[in-house]
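This is what each chain is made of:
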Amino acid sequence: MSGVQQIKIAEDEAGQRLDRWFRRRFPQINQGRIEKLLRKGEIRVDGGRAKSNQRLESGQTIRVPPLPDEAPEPSWMLEDAPRATVSDADARMIRDCVLWRDEHLIALNKPPGLAVQGGTNTIRHLDGMAEALAFDGDPPKLVHRLDRDTSGVILLARTGRAAAALAKGFHAKTTRKIYWAAVAGAPHPSAGTIRFGLVKSGGDMEKMHCIHPNEVESTPGAKRATTDYMIIDAAAKRTSWVALAPITGRTHQLRAHMAEIGHPVVGDGKYGTNRQTNEGDGWGAQLGGSVSRKLHLHARSIALDHPITGARVSFTAPLPEHMAHTWEMFGWNPRDAAADPFEELE
(Lines give C-alpha, C1' and ligand atoms only; values in the text may rest on other atoms or scores of the structure.)
Protein backbone atom coordinates (compact mmCIF):
# COMPACT_ATOMS: atom_id res chain seq x y z
CA MET A 1 0.00 0.00 0.00
CA SER A 2 1.48 3.34 -1.07
CA GLY A 3 1.20 6.63 0.83
CA VAL A 4 -0.27 9.91 -0.40
CA GLN A 5 1.46 11.13 -3.56
CA GLN A 6 1.58 14.55 -5.20
CA ILE A 7 2.28 14.05 -8.92
CA LYS A 8 2.89 16.92 -11.34
CA ILE A 9 1.48 16.62 -14.87
CA ALA A 10 4.23 16.56 -17.50
CA GLU A 11 3.91 18.39 -20.80
CA ASP A 12 3.39 15.17 -22.75
CA GLU A 13 0.53 14.17 -20.41
CA ALA A 14 -1.48 17.36 -20.93
CA GLY A 15 -4.89 17.06 -22.56
CA GLN A 16 -5.71 13.65 -21.08
CA ARG A 17 -8.86 12.97 -19.09
CA LEU A 18 -8.13 12.62 -15.38
CA ASP A 19 -9.55 9.09 -15.16
CA ARG A 20 -7.55 7.88 -18.16
CA TRP A 21 -4.35 9.40 -16.80
CA PHE A 22 -5.05 7.67 -13.47
CA ARG A 23 -5.63 4.26 -15.06
CA ARG A 24 -2.40 4.52 -17.06
CA ARG A 25 -0.40 5.44 -13.95
CA PHE A 26 -2.16 2.95 -11.66
CA PRO A 27 -3.53 0.07 -13.77
CA GLN A 28 -4.44 -1.88 -10.64
CA ILE A 29 -7.26 0.64 -9.94
CA ASN A 30 -10.45 0.18 -11.94
CA GLN A 31 -12.85 2.89 -13.12
CA GLY A 32 -15.36 2.27 -10.34
CA ARG A 33 -12.72 2.78 -7.67
CA ILE A 34 -11.52 5.98 -9.36
CA GLU A 35 -15.07 7.38 -9.40
CA LYS A 36 -15.49 6.55 -5.70
CA LEU A 37 -12.20 8.26 -4.78
CA LEU A 38 -13.24 11.33 -6.76
CA ARG A 39 -16.65 11.49 -5.05
CA LYS A 40 -14.95 11.32 -1.65
CA GLY A 41 -12.50 14.05 -2.65
CA GLU A 42 -9.47 11.82 -2.16
CA ILE A 43 -8.22 12.49 -5.69
CA ARG A 44 -7.69 16.22 -6.20
CA VAL A 45 -6.30 18.51 -8.89
CA ASP A 46 -4.32 21.50 -7.61
CA GLY A 47 -5.98 20.99 -4.25
CA GLY A 48 -9.55 21.11 -5.57
CA ARG A 49 -12.18 18.49 -6.18
CA ALA A 50 -12.28 17.13 -9.73
CA LYS A 51 -14.39 15.05 -12.09
CA SER A 52 -13.30 12.02 -14.06
CA ASN A 53 -13.64 13.79 -17.43
CA GLN A 54 -11.55 16.84 -16.45
CA ARG A 55 -8.81 17.56 -18.99
CA LEU A 56 -5.40 17.89 -17.40
CA GLU A 57 -2.96 20.72 -18.03
CA SER A 58 0.82 20.72 -17.88
CA GLY A 59 2.10 21.69 -14.42
CA GLN A 60 -1.04 20.72 -12.50
CA THR A 61 -0.54 18.63 -9.35
CA ILE A 62 -2.62 15.52 -8.74
CA ARG A 63 -3.18 14.30 -5.20
CA VAL A 64 -3.18 10.50 -5.22
CA PRO A 65 -4.40 8.78 -2.03
CA PRO A 66 -2.87 5.57 -0.65
CA LEU A 67 -3.44 2.78 -3.15
CA PRO A 68 -2.94 -0.99 -3.13
CA ASP A 69 0.17 -2.16 -4.96
CA GLU A 70 -1.78 -4.75 -6.95
CA ALA A 71 -5.39 -5.35 -7.87
CA PRO A 72 -6.96 -8.59 -6.58
CA GLU A 73 -7.05 -10.98 -9.48
CA PRO A 74 -10.43 -12.64 -10.15
CA SER A 75 -10.25 -16.39 -9.69
CA TRP A 76 -11.52 -16.93 -13.26
CA MET A 77 -8.77 -14.86 -14.86
CA LEU A 78 -6.04 -16.87 -16.58
CA GLU A 79 -2.43 -15.82 -15.98
CA ASP A 80 -1.69 -15.49 -19.65
CA ALA A 81 -5.01 -13.98 -20.72
CA PRO A 82 -4.38 -11.98 -23.90
CA ARG A 83 -4.94 -8.21 -23.99
CA ALA A 84 -7.84 -6.97 -26.11
CA THR A 85 -6.68 -5.96 -29.57
CA VAL A 86 -8.29 -4.12 -32.45
CA SER A 87 -9.71 -6.53 -34.99
CA ASP A 88 -8.37 -6.37 -38.53
CA ALA A 89 -11.79 -5.28 -39.78
CA ASP A 90 -12.03 -2.44 -37.26
CA ALA A 91 -8.45 -1.40 -37.96
CA ARG A 92 -9.17 -1.12 -41.68
CA MET A 93 -12.45 0.67 -41.03
CA ILE A 94 -11.02 3.34 -38.73
CA ARG A 95 -7.99 3.96 -40.96
CA ASP A 96 -10.34 4.47 -43.89
CA CYS A 97 -12.01 7.21 -41.83
CA VAL A 98 -8.84 9.33 -41.72
CA LEU A 99 -9.38 12.65 -43.47
CA TRP A 100 -5.91 14.03 -42.79
CA ARG A 101 -2.89 13.41 -40.57
CA ASP A 102 0.56 14.71 -39.84
CA GLU A 103 2.98 14.02 -36.99
CA HIS A 104 0.87 16.08 -34.56
CA LEU A 105 -2.78 15.62 -35.46
CA ILE A 106 -5.32 13.23 -36.97
CA ALA A 107 -8.73 14.28 -38.34
CA LEU A 108 -11.30 11.50 -38.71
CA ASN A 109 -14.76 11.24 -40.23
CA LYS A 110 -16.44 9.27 -37.43
CA PRO A 111 -19.20 6.99 -38.71
CA PRO A 112 -22.63 7.17 -37.04
CA GLY A 113 -23.24 4.48 -34.43
CA LEU A 114 -19.62 4.32 -33.24
CA ALA A 115 -19.19 5.43 -29.63
CA VAL A 116 -16.22 7.68 -28.92
CA GLN A 117 -15.44 6.13 -25.54
CA GLY A 118 -16.37 2.99 -23.67
CA GLY A 119 -18.97 2.68 -20.94
CA THR A 120 -21.64 0.35 -19.64
CA ASN A 121 -22.30 -2.28 -22.34
CA THR A 122 -20.05 -0.39 -24.77
CA ILE A 123 -16.97 -2.41 -25.71
CA ARG A 124 -16.47 -1.23 -29.29
CA HIS A 125 -15.52 2.42 -29.48
CA LEU A 126 -13.13 4.88 -31.13
CA ASP A 127 -10.89 5.20 -28.09
CA GLY A 128 -10.39 1.44 -28.12
CA MET A 129 -9.29 1.59 -31.76
CA ALA A 130 -6.55 4.18 -31.13
CA GLU A 131 -3.84 1.53 -31.50
CA ALA A 132 -4.80 1.18 -35.17
CA LEU A 133 -4.15 4.90 -35.63
CA ALA A 134 -0.66 4.90 -34.12
CA PHE A 135 0.98 4.56 -37.56
CA ASP A 136 4.63 5.40 -36.85
CA GLY A 137 4.10 6.80 -33.35
CA ASP A 138 2.09 6.36 -30.16
CA PRO A 139 -1.69 5.89 -30.20
CA PRO A 140 -3.40 9.29 -30.53
CA LYS A 141 -5.46 10.89 -27.77
CA LEU A 142 -9.02 12.14 -27.96
CA VAL A 143 -9.36 15.90 -27.38
CA HIS A 144 -13.14 16.24 -27.77
CA ARG A 145 -16.08 13.97 -28.50
CA LEU A 146 -19.21 13.39 -30.55
CA ASP A 147 -22.38 11.54 -29.57
CA ARG A 148 -22.49 7.91 -30.65
CA ASP A 149 -25.06 8.56 -33.39
CA THR A 150 -23.54 11.84 -34.60
CA SER A 151 -21.13 11.47 -37.53
CA GLY A 152 -18.41 13.73 -38.81
CA VAL A 153 -15.10 15.39 -38.05
CA ILE A 154 -13.35 14.51 -34.81
CA LEU A 155 -9.76 15.36 -33.87
CA LEU A 156 -7.13 13.25 -32.14
CA ALA A 157 -3.76 14.50 -30.92
CA ARG A 158 -0.66 12.45 -31.59
CA THR A 159 1.47 14.15 -28.90
CA GLY A 160 0.89 15.62 -25.47
CA ARG A 161 1.96 19.04 -26.72
CA ALA A 162 -0.61 18.91 -29.51
CA ALA A 163 -3.32 17.71 -27.10
CA ALA A 164 -2.68 20.66 -24.77
CA ALA A 165 -2.76 23.17 -27.64
CA LEU A 166 -5.97 21.71 -29.09
CA ALA A 167 -7.65 21.79 -25.68
CA LYS A 168 -6.72 25.46 -25.32
CA GLY A 169 -8.14 26.17 -28.78
CA PHE A 170 -11.50 24.69 -27.82
CA HIS A 171 -11.49 26.60 -24.53
CA ALA A 172 -10.55 29.90 -26.20
CA LYS A 173 -13.16 29.31 -28.95
CA THR A 174 -10.61 29.78 -31.73
CA THR A 175 -11.68 26.36 -33.01
CA ARG A 176 -14.79 26.69 -35.18
CA LYS A 177 -17.20 23.77 -35.64
CA ILE A 178 -20.04 23.67 -38.17
CA TYR A 179 -22.68 20.93 -38.04
CA TRP A 180 -25.31 20.02 -40.63
CA ALA A 181 -28.69 18.64 -39.65
CA ALA A 182 -32.07 17.84 -41.11
CA VAL A 183 -34.73 19.09 -38.71
CA ALA A 184 -38.51 18.81 -38.50
CA GLY A 185 -40.31 21.78 -39.99
CA ALA A 186 -38.76 25.15 -40.84
CA PRO A 187 -37.44 27.34 -37.98
CA HIS A 188 -38.63 30.95 -37.93
CA PRO A 189 -36.77 33.20 -38.27
CA SER A 190 -34.56 31.40 -40.78
CA ALA A 191 -31.42 32.31 -38.82
CA GLY A 192 -30.94 33.02 -35.16
CA THR A 193 -29.26 32.25 -31.85
CA ILE A 194 -30.57 29.88 -29.17
CA ARG A 195 -29.50 30.71 -25.61
CA PHE A 196 -31.37 28.24 -23.40
CA GLY A 197 -29.32 26.93 -20.50
CA LEU A 198 -28.89 23.18 -20.01
CA VAL A 199 -29.14 20.99 -16.93
CA LYS A 200 -29.25 17.22 -16.54
CA SER A 201 -32.76 15.83 -16.33
CA GLY A 202 -33.57 14.27 -12.99
CA GLY A 203 -35.11 11.09 -14.39
CA ASP A 204 -32.57 10.49 -17.17
CA MET A 205 -28.99 11.48 -16.43
CA GLU A 206 -28.16 11.03 -20.11
CA LYS A 207 -30.68 13.67 -21.17
CA MET A 208 -30.42 17.45 -20.90
CA HIS A 209 -33.26 19.80 -20.00
CA CYS A 210 -33.47 23.35 -21.38
CA ILE A 211 -34.13 26.27 -19.04
CA HIS A 212 -34.63 29.98 -19.65
CA PRO A 213 -31.38 31.99 -19.66
CA ASN A 214 -32.66 34.06 -16.71
CA GLU A 215 -32.98 30.92 -14.61
CA VAL A 216 -29.47 29.52 -15.17
CA GLU A 217 -27.84 31.17 -12.16
CA SER A 218 -30.58 30.01 -9.79
CA THR A 219 -30.72 26.42 -11.10
CA PRO A 220 -28.26 23.97 -9.47
CA GLY A 221 -26.05 22.26 -12.05
CA ALA A 222 -27.26 24.42 -14.94
CA LYS A 223 -24.82 25.77 -17.52
CA ARG A 224 -25.21 28.47 -20.11
CA ALA A 225 -25.34 27.26 -23.71
CA THR A 226 -25.42 29.11 -27.03
CA THR A 227 -26.08 27.81 -30.54
CA ASP A 228 -26.27 29.70 -33.83
CA TYR A 229 -28.49 28.20 -36.52
CA MET A 230 -29.32 28.97 -40.15
CA ILE A 231 -31.58 27.35 -42.74
CA ILE A 232 -29.63 26.47 -45.88
CA ASP A 233 -32.57 24.91 -47.75
CA ALA A 234 -36.03 23.58 -46.97
CA ALA A 235 -38.63 21.16 -48.33
CA ALA A 236 -41.71 23.36 -47.90
CA LYS A 237 -42.42 23.32 -44.16
CA ARG A 238 -41.87 19.62 -43.70
CA THR A 239 -38.12 19.60 -43.10
CA SER A 240 -35.10 21.87 -43.34
CA TRP A 241 -31.39 21.55 -43.91
CA VAL A 242 -29.79 23.69 -41.23
CA ALA A 243 -26.25 24.68 -40.34
CA LEU A 244 -25.50 24.74 -36.62
CA ALA A 245 -22.56 26.41 -34.88
CA PRO A 246 -22.14 25.57 -31.17
CA ILE A 247 -20.67 28.60 -29.38
CA THR A 248 -20.47 26.55 -26.20
CA GLY A 249 -19.87 22.81 -26.05
CA ARG A 250 -22.43 21.22 -23.74
CA THR A 251 -23.66 17.64 -23.75
CA HIS A 252 -26.41 17.13 -26.38
CA GLN A 253 -26.50 20.91 -26.86
CA LEU A 254 -27.53 21.00 -30.52
CA ARG A 255 -30.15 18.27 -30.17
CA ALA A 256 -31.72 19.77 -27.04
CA HIS A 257 -31.70 23.32 -28.43
CA MET A 258 -33.37 22.41 -31.74
CA ALA A 259 -36.03 20.37 -29.96
CA GLU A 260 -36.67 23.22 -27.54
CA ILE A 261 -37.56 25.62 -30.37
CA GLY A 262 -39.90 23.01 -31.85
CA HIS A 263 -37.68 21.65 -34.64
CA PRO A 264 -35.96 18.47 -33.41
CA VAL A 265 -33.25 16.79 -35.45
CA VAL A 266 -34.70 14.11 -37.72
CA GLY A 267 -34.24 10.67 -36.15
CA ASP A 268 -33.70 12.00 -32.62
CA GLY A 269 -35.78 9.68 -30.47
CA LYS A 270 -34.37 11.11 -27.23
CA TYR A 271 -35.37 14.74 -27.80
CA GLY A 272 -37.85 14.60 -30.66
CA THR A 273 -39.69 11.31 -30.05
CA ASN A 274 -39.60 8.57 -32.67
CA ARG A 275 -43.22 7.71 -31.92
CA GLN A 276 -44.64 10.64 -33.87
CA THR A 277 -44.14 11.28 -37.58
CA ASN A 278 -43.81 14.86 -38.76
CA GLU A 279 -46.35 15.23 -41.57
CA GLY A 280 -46.04 18.98 -41.96
CA ASP A 281 -44.53 21.61 -39.73
CA GLY A 282 -45.45 19.70 -36.58
CA TRP A 283 -43.33 18.16 -33.86
CA GLY A 284 -42.24 14.58 -34.69
CA ALA A 285 -38.63 13.59 -35.33
CA GLN A 286 -39.47 11.10 -38.09
CA LEU A 287 -40.36 11.97 -41.68
CA GLY A 288 -41.68 8.56 -42.70
CA GLY A 289 -41.42 7.05 -46.17
CA SER A 290 -37.92 6.10 -47.22
CA VAL A 291 -36.20 8.65 -44.97
CA SER A 292 -33.89 6.84 -42.57
CA ARG A 293 -34.83 6.73 -38.88
CA LYS A 294 -31.17 7.33 -37.97
CA LEU A 295 -30.07 10.62 -36.42
CA HIS A 296 -29.52 13.31 -39.08
CA LEU A 297 -26.75 15.26 -37.32
CA HIS A 298 -23.27 15.55 -38.84
CA ALA A 299 -20.14 17.43 -37.75
CA ARG A 300 -19.47 18.86 -41.20
CA SER A 301 -16.27 20.82 -40.59
CA ILE A 302 -13.73 22.06 -38.09
CA ALA A 303 -11.46 25.07 -38.63
CA LEU A 304 -8.62 25.65 -36.18
CA ASP A 305 -5.14 27.00 -35.62
CA HIS A 306 -2.72 24.12 -36.09
CA PRO A 307 -1.49 23.12 -32.60
CA ILE A 308 2.18 23.38 -33.56
CA THR A 309 2.58 25.59 -36.65
CA GLY A 310 -0.24 27.98 -35.81
CA ALA A 311 -1.42 27.97 -39.45
CA ARG A 312 -5.18 28.04 -39.95
CA VAL A 313 -6.37 24.64 -41.19
CA SER A 314 -9.81 23.16 -41.80
CA PHE A 315 -11.23 19.68 -42.30
CA THR A 316 -14.52 18.73 -43.96
CA ALA A 317 -16.32 15.39 -43.75
CA PRO A 318 -18.72 14.07 -46.41
CA LEU A 319 -22.22 13.13 -45.30
CA PRO A 320 -22.87 9.58 -44.05
CA GLU A 321 -24.88 7.34 -46.35
CA HIS A 322 -28.26 7.79 -44.68
CA MET A 323 -27.99 11.59 -44.70
CA ALA A 324 -26.69 11.68 -48.28
CA HIS A 325 -29.80 9.70 -49.28
CA THR A 326 -32.06 12.23 -47.55
CA TRP A 327 -30.24 15.16 -49.16
CA GLU A 328 -30.66 13.57 -52.58
CA MET A 329 -34.35 12.88 -51.93
CA PHE A 330 -35.07 16.54 -51.18
CA GLY A 331 -32.79 17.89 -53.90
CA TRP A 332 -30.28 19.42 -51.51
CA ASN A 333 -26.78 19.76 -52.96
CA PRO A 334 -23.90 19.96 -50.45
CA ARG A 335 -22.01 22.19 -52.90
CA ASP A 336 -24.67 24.88 -52.47
CA ALA A 337 -23.59 25.58 -48.88
CA ALA A 338 -20.72 27.89 -47.92
CA ALA A 339 -18.00 26.39 -45.75
CA ASP A 340 -19.16 28.71 -42.96
CA PRO A 341 -22.56 30.15 -43.87
CA PHE A 342 -22.56 32.31 -40.73
CA GLU A 343 -19.74 34.48 -42.11
CA GLU A 344 -22.32 36.14 -44.34
CA LEU A 345 -24.08 37.50 -41.25
CA GLU A 346 -20.97 39.08 -39.74
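As the structure is a computational prediction, the values presented were derived from the model and not from experiment.

Trainee: Just checking my understanding: could you explain the packing of aromatic side chains for this structure?
Mentor: Where two aromatic rings form a pair, the distance of their centres and the angle of their planes describe that pair. This model, assessed by the stated rule, comprises eight aromatic pairs. Judged by centre distance (6.1 Å) and plane angle (35 degrees), the ring pair of Trp241 and Trp332 falls under tilted. With Trp241 in strand S14 (residues 239–246) and Trp332 in the segment after helix H6 (321–329), this pair connects stretches of sequence that are 91 residues apart. Pair check on accessibility: Trp241 and Trp332 agree, each one buried.

Trainee: It is not clear to me how the UniProt feature "active site" (unreviewed entry) in the protein chain should be interpreted in this structure. Could you clarify?
Mentor: Sequence positions flagged by UniProt for "active site" (unreviewed entry) are, in local numbering, Asp147. Here Asp147 lies in the loop between strand S7 (141–142) and strand S8 (151–157). The class for Asp147 is buried, based on a relative accessible area of 19%. Not counting the four nearest positions on each side in its chain, Asp147 is found in contact with Lys110, His252 and Arg255.

Trainee: Hey, could you run me through the packing of helix H1 (residues 18–25) against helix H2 (residues 31–39) in this one?
Mentor: Packed helix pairs are specified by the crossing angle of their axes together with the interaxial distance, meaning the distance between the axes. Relative to each other, H1 and H2 sit at 120 degrees, their axes nearing to 10 Å. Regarding the angle of H1 to H2, the classification is oblique. When the axes of H1 and H2 are compared, the crossing they make is right-handed. Seen from H1, the contacting residues are Leu18, Asp19, Phe22 and Arg23; seen from H2, they are Gln31, Ile34 and Leu38. The class makeup of the residues in the contact of H1 with H2 is four nonpolar, one polar and two charged.

Trainee: Explanation requested: a positive patch on the surface in the structure shown.
Mentor: Together, Lys51, Lys173, Lys200, Lys223 and Arg250 make up a region of like positive charge exposed at the surface. Relative to the helices and strands, Lys200 is located in strand S11 (residues 197–200).

Trainee: Would you explain the pairing of strand S13 (residues 227–235) in this entry?
Mentor: Walk down a regular strand and you will see the side chains alternate between the two sheet faces. Bridging between strand S10 (residues 191–194) and S13 involves four bridges; their strand directions are antiparallel. Along S13, the bridge assignment pairs Gly192 with Tyr229. Judged from the eight bridges that link them, S13 and S14 form a sheet pairing that is antiparallel. Following the sheet pairing, Thr227 is matched in S14 by Pro246. In this antiparallel pair of consecutive strands, S13 and S14, the connection spans three residues, and Ala236 shows a positive phi of 55 degrees.

Trainee: Before we go on, may I ask you to explain the domain arrangement of the protein chain in this structure?
Mentor: Interfaces are often sized by the accessible area lost when the parts come together. Taken domain by domain, the protein chain consists of domain 1 (5–64), domain 2 (88–174) and domain 3 (177–330). Facing the nine residues of domain 1 at the interface are ten residues of domain 2. Summing the contributions of domain 1 and of domain 2, the shared interface buries around 730 Å²; its carbon and sulfur component is 42%. The tally of links from domain 1 across to domain 2 stands at three residue pairs in polar contact (both at pLDDT 80 or more). Residues of the side of domain 1 that touches domain 2, tallied by class, amount to one nonpolar, two polar and six charged.

The rules behind each value
Residues numbered from 1 in each chain as written. Predicted model: local features only at pLDDT ≥ 70, side-chain atom pairs only at ≥ 80, totals over all residues. Heavy atoms only, no water. Phe/Tyr/Trp six-rings, centres within 6.5 Å; stacked < 30°, edge-to-face > 60°. Helix = DSSP H or I, 4+ residues; strand = E, 2+ residues; numbered from the N terminus. Buried < 20%, exposed > 50% of the residue type's maximum accessible area, 1.4 Å probe, protein only. UniProt positions renumbered as here; feature names shortened; annotations may be inferred. Contact = heavy atoms within 4.5 Å. Axes fitted to C-alpha atoms, helices over the stretch in contact; angles between N-to-C directions. Parallel < 35°, antiparallel > 145°, perpendicular 65-115°, else oblique. Left-handed = near helix turned anticlockwise from the far one by under 90°. Nonpolar A, V, L, I, M, F, W, Y, C, P; charged D, E, K, R; others polar. Patch = residues over 30% accessible without salt bridge, like charges linked within 9 Å, V, L, I, M, F, W, Y side chains within 5 Å. Areas by Shrake-Rupley, 256 points an atom, 1.4 Å probe, with all protein chains shown as cover. Salt bridge = Lys/Arg side-chain N within 4 Å of Asp/Glu carboxyl O. Lys, Arg positive; Asp, Glu negative; His and termini not counted. Charge placed at Lys NZ, Arg CZ, Asp CG, Glu CD. Pairing = 2+ DSSP bridges. Domains from an automatic or database assignment. Buried area = accessible area lost by both parts, 1.4 Å probe. Polar contact = N/O pair within 3.5 Å; in protein donor to acceptor, adjacent residues only side chain to side chain.

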